[in-house]
Amino acid sequence: MRIIDLRGKSLTRAELLAAMPRADMGTSEASDLVRPILNDVKERGAAALRDFEEKFDHVRPKHLRVPAEAMTAALETLDPEVRAAIEESVRRARAVAANQVPKDFHTDLAPGARVAERWIPIQRVGLYVPGGKAVYPSSVIMNAVPAQAAGVESLAIATPPARDDAEGLPNKTILATCAILGVTEVYAVGGAQAIAMFAYGAKGSEPQDGEVLCDPVDKITGPGNIFVATAKSLVSGFVGIDAVAGPTEIGIIADKTANPSLVAADLIGQAEHDELAGSVLFTDSTEIADAVQENLKYRVPRTEHAERVATSLSGKQSAIVLTDDLDHSIDAANAYAAEHLEIQTTDADAVVKRIKNAGAIFRGPFSPVPLGDYMSGSNHVLPTGGTARFAAGLGVHTFMKPVEVIEYDEEGLKALAARINAFAVSEDLPAHGECVLSRFVEDPYNKETLREQEKEAGLR
């Protein structure tokens, strides 16, 4: 891994942000490729979806909407040990999600003057579950569980068809996970075409599709590759999205007490995802830095996806960042704003309290990132690319909208009417004031007598 040496440097905030290792996204090139896909699906619906699945996933699904019996069969044949793991993950995720549900509240400001806030579930949501280099039933759980806890009425899942399935159905473990969760609307559609289907809906093209294959959704969530991320970005003005996710990443703050073998293993674990995955170590200990490098030399060749891991760790998005002290490491980690941030230091609790920017924080050597990926109860759909400086991970709140309810009666409005009018006039919006005054005075448009009318109405 390359070294970024920040020791002895006094950097401005802008310089520190610029010094952080990042992958090149190439989104402009992806936009040129994705935009025609979106337009074609919008125009031709299921016919375009089949064409793109055949082109990109090398299979032409007979059933774009997965039949219920296929999900039942997938669950019945699921390895019992895998099923037990999935069910435990669901149980823990549901326990956390239940406590995330926000509560309605109201504020009484004066007699007859109340402002309430209701949290309303989004009506219909499309959940994207990626395929590609790995199969992600965990992403089904991370998307569906908080949506269900939020009370979303209609959930649809899209995931690419498995290339080894003659009928073009998705991976059986993903289908089984959908069955465990009770999600019945599942599509064998991947990539940018799936995002288009969710955003615009899709008419059927074959008898098994029906007249309408898929109704449009109100929000799309879930991670994906650069084409999925670009598609989400392009439709975001038309439909809601959770985020435009980039390559996954890990940051680790380690002091001299950290175990370099575990640090190396955790860097490798994240690098396994993708050649563009970022693995970054922040440390003020050159001994730890050297020991981690030596451990990587030993461990990387022995892991199954060694070539992918080596490419990721040697890329510009990965680095060991040398700092002056722990305070400096914390500052650098806050600038990096990691998707996953591990704390492997003497007083991990004290460090956790000083972290301002991270998608999720993993405290101590026995809270590695894969725990969060699968079974901690937390959500693994998290902000990437430094967006944790202003964004949060997926949760129940993602699938709900806070809506204020203004509840004023005559007494409550009367106490403010003259002041509202004065405010409106100062902004050159007199009709705003006249709207309010019309409830209390005979002629709000007669400005010569208005003040007297306000007095007679008890507004002054």
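None of these values were measured; they are calculated from a predicted model.

Student: Sorry if this is basic, but what is going on with the packing of helix H10 (residues 260-271) against helix H11 (residues 286-299) here?
Tutor: Any two packed helices are characterised by how steeply their axes cross, that is the angle between the axes, and by the distance between the axes. Remark: H10 packs on H11, axes separated minimally by 8 Å, with the N-to-C direction vectors making an angle of 60 degrees. Taken as axis vectors, H10 and H11 run oblique relative to one another. Crossing handedness for the pair H10 and H11: right-handed. Facing Pro260, Ser261, Val263, Ala264, Ala265, Leu267 and Ile268 of H10, the residues of H11 in contact are Ile288, Ala291, Val292, Asn295, Leu296 and Arg299. Residue composition of the contact of H10 with H11, grouped by class: ten nonpolar, two polar and one charged.

Student: Help me understand the sheet that holds strand E1 (residues 3-5) in this model?
Tutor: The strands making up a sheet are joined through hydrogen bonds of the backbone, oriented either antiparallel or parallel. Taken together, the six strands give an open sheet; going across it, the order is E1-E13-E12-E11-E14-E15, and neighbouring strands pair in parallel fashion. Looking at which strands have only one partner, the edges of the open sheet turn out to be E1 and strand E15 (360-363). When the angles between neighbouring strand axes are averaged without regard to direction, this sheet yields 20 degrees. The pairing of strand E11 (residues 249-254) with strand E12 (residues 278-283) spans six bridges and is parallel.

Student: Honestly, the UniProt feature "active site" (unreviewed entry) in the protein in this entry has me stumped. Any pointers?
Tutor: In this numbering, the UniProt entry assigns the feature "active site" (unreviewed entry) to Glu339 and His340. Residue position: Glu339 is located in the loop between helix H13 (326-336) and strand E14 (340-344). According to the relative accessible area criterion, Glu339 is buried, its value standing at 6%. When residues no more than four places from it in sequence are discounted, the contact partners of Glu339 are Thr248, Glu249, Gln270, Gly359, Ala360, His380, Leu382, Pro383 and Thr384. A distance of 2.6 Å separates the side chain of Glu339 from the side chain of Thr248, its partner in a polar contact.

Student: I tried to follow the sheet that holds strand E6 (residues 186-188) on my own but got confused; where do I start?
Tutor: What the five strands build is an open sheet, ordered E6-E5-E4-E9-E10; its pairing is parallel. Only two strands of the sheet have a single partner each, and these edge strands are E6 and strand E10 (240-241). Bridge analysis of strand E4 (residues 124-128) against strand E5 (residues 154-159) gives five bridges, and the strand direction is parallel. Its bridge partner being in E5, Arg124 is matched across the sheet by Ser154. The strands touched by helix H8 (residues 191-200) are E4, E5, E6 and strand E9 (219-221); relative to E4, the strand with the most contacts, the crossing angle is about 175 degrees.

Student: Teacher, can you tell me more about the pattern of salt bridges here?
Tutor: For side chains of opposite charge, pairing can occur when their charged atoms come near one another. With the rule as written, the count across this model stands at 20 salt bridges. Glu88 serves as the salt-bridge partner of Arg91, at 2.7 Å between the closest nitrogen and oxygen. A residue pair is termed a helical-turn pair when its members lie 3 or 4 positions apart in one helix, as Arg91 and Glu88 do in helix H5 (residues 80-100) at three residues. Of the charged contacts in the structure, one is a salt bridge between Arg354 and Asp327, with a shortest N-O distance of 2.7 Å. In this pair, Arg354 sits in the loop between helix H14 (348-352) and E15 while Asp327 sits in helix H13, placing the two residues 27 residues apart along the sequence. You can call Arg354 partly exposed: its relative accessible area is 36%. Within the structure, one salt-bridge network assembled from shared partners comprises Asp40, Arg44, Asp51, Glu54 and Arg60.

Student: Just checking my understanding: could you explain the domain arrangement of the protein for this structure?
Tutor: Interface size, as often reported, equals the accessible area lost upon joining of the parts. Domains assigned within the protein are domain 1 (3-24 + 246-377), domain 2 (27-244) and domain 3 (409-457). The C-alpha centroid of domain 3 is placed 61 Å from the C-alpha centroid of domain 1.

Student: Mind showing me how you'd approach the packing of H10 against helix H12 (residues 306-314) here?
Tutor: It is the contact of H10 with H12, at a shortest axis distance of 8 Å, that shows an interaxial angle of 105 degrees. Here H10 is positioned roughly perpendicular relative to H12, judged by the angle of their axes. Where H10 approaches H12, its residues Leu267, Ile268 and Ala271 are matched on the opposing element by Arg308, Val309, Ser312 and Leu313.

Student: What is the right way to look at unusual backbone geometry in this model?
Tutor: For Ala337, which is not glycine, the phi torsion reads 55 degrees and is therefore positive. In this structure Ala337 comes out as buried when scored by relative accessible area, which is 0%. Of note in this structure, Asp428 is not a glycine but carries a positive phi near 60 degrees.

Cut-offs applied
Residues numbered from 1 in each chain as written. Predicted model: local features only at pLDDT ≥ 70, side-chain atom pairs only at ≥ 80, totals over all residues. Heavy atoms only, no water. Axes fitted to C-alpha atoms, helices over the stretch in contact; angles between N-to-C directions. Helix = DSSP H or I, 4+ residues; strand = E, 2+ residues; numbered from the N terminus. Parallel < 35°, antiparallel > 145°, perpendicular 65-115°, else oblique. Left-handed = near helix turned anticlockwise from the far one by under 90°. Contact = heavy atoms within 4.5 Å. Nonpolar A, V, L, I, M, F, W, Y, C, P; charged D, E, K, R; others polar. Pairing = 2+ DSSP bridges. UniProt positions renumbered as here; feature names shortened; annotations may be inferred. Buried < 20%, exposed > 50% of the residue type's maximum accessible area, 1.4 Å probe, protein only. Polar contact = N/O pair within 3.5 Å; in protein donor to acceptor, adjacent residues only side chain to side chain. Salt bridge = Lys/Arg side-chain N within 4 Å of Asp/Glu carboxyl O. Domains from an automatic or database assignment.

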